[in-house]
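Structural features, examined
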Amino acid sequence: MDKALVAYFSATGNTKQVASKLSKVVEGSLHEIVPKVAYTADDLNWKDKESRSSKEMNDKSHRPEISDQVDNMDSYDTIYLGYPIWWGVAPTIINTFLEKYDLDGKSIITFATSDSSEMGDSTEGLKISAKEAHFKQGQILKKDINDKELKSFVDSLNK
């Protein structure tokens, strides 16, 4: 079995909840992508065009700094990459994470959390940040997903 890493960014805790459960199902390591400057509720106000998240998502080249790293990235074959859906795509901090490492040849399986959005083109928008990785789009996973549903999700990726 490949060695798996479940890496995630969670602004409100929903993605963290799913990632924690998923890491147990795939028997993988868990890694939180932590922004150097934490997001406040005002930063996340998508209705405010001047909020931090609105400005970041309107500039796809923006790369928020992260304050952590995976020291042993070379030891992982598969990365389950989780994030909330913002403006129909992954937050640009996910690009920051991907660009920090040499991910050539690694399998990256995306998953996201959202109460109302679909995955959309979120995986496609990440490929520019890890051009030689093998991306596979997962699906939206609800925060209250159970282990049986997660196992079914993981199994569906191998079909």
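Here, every reference points to the structure presented above.
Just so it is clear, the structure is predicted and the values come from calculations on it, not from any experiment.

Okay, the overall build of the protein chain next. The helix and strand tally for the protein chain stands at four helices and five strands. Listed N to C, the secondary structure of the protein chain is β-α-β-α-β-α-β-β-α in terms of helices and strands. Relative to a compact globule of 159 residues, whose C-alpha radius of gyration would be 15 Å, the protein chain shows 15 Å and is just as compact. With the principal axes as the frame, the protein chain shows a C-alpha extent of 45 × 35 × 25 Å. Surface exposure of the protein chain reaches about 8,600 Å², of which carbon and sulfur atoms provide 45%. In the protein chain, 21 positive and 26 negative side-chain charges are present, and the distance between their average locations comes to 3 Å.

What follows covers the packing of aromatic side chains. Going through the model one piece at a time under the given rule, you end up with five aromatic pairs. Taken together, Phe 9, Tyr 39, Trp 86 and Trp 87 form an aromatic cluster joined through their ring pairs. Positioned above the aromatic ring of Tyr 76, the side-chain terminus of Lys 3 is 5.0 Å from the ring centre. Geometry around Tyr 39 places Arg 52 over its ring, the cationic atom sitting 3.7 Å from the centre.

The next thing to look at is helix H3 (residues 92-99). Of all the eight residues making up H3, seven are buried; the element is thus mostly covered by neighbouring parts of the structure. Looking at H3, one finds that the buried residues are Thr 92, Ile 93, Ile 94, Asn 95, Thr 96, Phe 97 and Leu 98. Here the buried face of H3 lies against strand E1 (4-8), strand E2 (29-32), helix H2 (52-58), strand E3 (78-84), strand E4 (107-113) and strand E5 (134-140).

With that out of the way, let us pick up the sheet that holds E3. Sheet architecture is open: five strands sit in the order E2-E1-E3-E4-E5, paired in parallel fashion. The two strands at the open ends of the sheet, each matched to only one other strand, are E2 and E5. Pairs of neighbouring strands in the sheet enclose a mean axial angle of 20°, with direction left out of account. Bridging between E1 and E3 involves five bridges; their strand directions are parallel. From the neighbouring strand, Leu 5 faces E3, where its bridge partner is Ile 79. Across the sheet, H3 lies against E1, E2, E3, E4 and E5, angled at about 160° from E3, the strand it touches most. Relative to E4, helix H4 (residues 147-156) is tilted by about 140°, and along the sheet it contacts E3, E4 and E5.

We now examine the pattern of salt bridges. According to the stated counting rule, one finds seven salt bridges in the structure shown. Taking the shortest distance from any N to any O, the salt bridge between Glu 56 and Arg 52 comes out at 3.1 Å. Taken as a pair, Glu 56 and Arg 52 lie in helix H2 at a separation of four residues, close to a single helical turn. When sorted by exposure, Glu 56 lands in the same class as Arg 52, which is buried. Between Glu 124 and Lys 127 there is a salt bridge whose closest N-O contact spans 2.9 Å. Assessed through its relative accessible area of 33%, Lys 127 is described here as partly exposed. It is possible to trace a salt-bridge network through shared partners that takes in Asp 43, Arg 52 and Glu 56.

Contact pair helix H1 (residues 14-25) / H4: the axes reach a minimum separation of 10 Å and the direction vectors enclose 70°. Looking at the two axes, H1 sits roughly perpendicular to H4. In the packing of H1 onto H4, the handedness of the crossing is right-handed. Each of Val 18, Lys 21, Leu 22 and Val 25 in H1 lies in contact with H4, whose residues at this interface are Asp 147, Leu 150, Lys 151 and Val 154. Looking at the contact of H1 with H4, its residues break down into five nonpolar, no polar and three charged.

Cut-offs applied
- Residues numbered from 1 in each chain as written.
- Predicted model: local features only at pLDDT ≥ 70, side-chain atom pairs only at ≥ 80, totals over all residues.
- Heavy atoms only, no water.
- Helix = DSSP H or I, 4+ residues; strand = E, 2+ residues; numbered from the N terminus.
- Rg over C-alpha atoms; globule rule 2.2 N^0.38 Å.
- Areas by Shrake-Rupley, 256 points an atom, 1.4 Å probe, with all protein chains shown as cover.
- Lys, Arg positive; Asp, Glu negative; His and termini not counted.
- Charge placed at Lys NZ, Arg CZ, Asp CG, Glu CD.
- Phe/Tyr/Trp six-rings, centres within 6.5 Å; stacked < 30°, edge-to-face > 60°.
- Lys NZ or Arg CZ within 6 Å of the ring centre and 35° of its normal.
- Buried < 20%, exposed > 50% of the residue type's maximum accessible area, 1.4 Å probe, protein only.
- Contact = heavy atoms within 4.5 Å.
- Pairing = 2+ DSSP bridges.
- Axes fitted to C-alpha atoms, helices over the stretch in contact; angles between N-to-C directions.
- Salt bridge = Lys/Arg side-chain N within 4 Å of Asp/Glu carboxyl O.
- Parallel < 35°, antiparallel > 145°, perpendicular 65-115°, else oblique.
- Left-handed = near helix turned anticlockwise from the far one by under 90°.
- Nonpolar A, V, L, I, M, F, W, Y, C, P; charged D, E, K, R; others polar.

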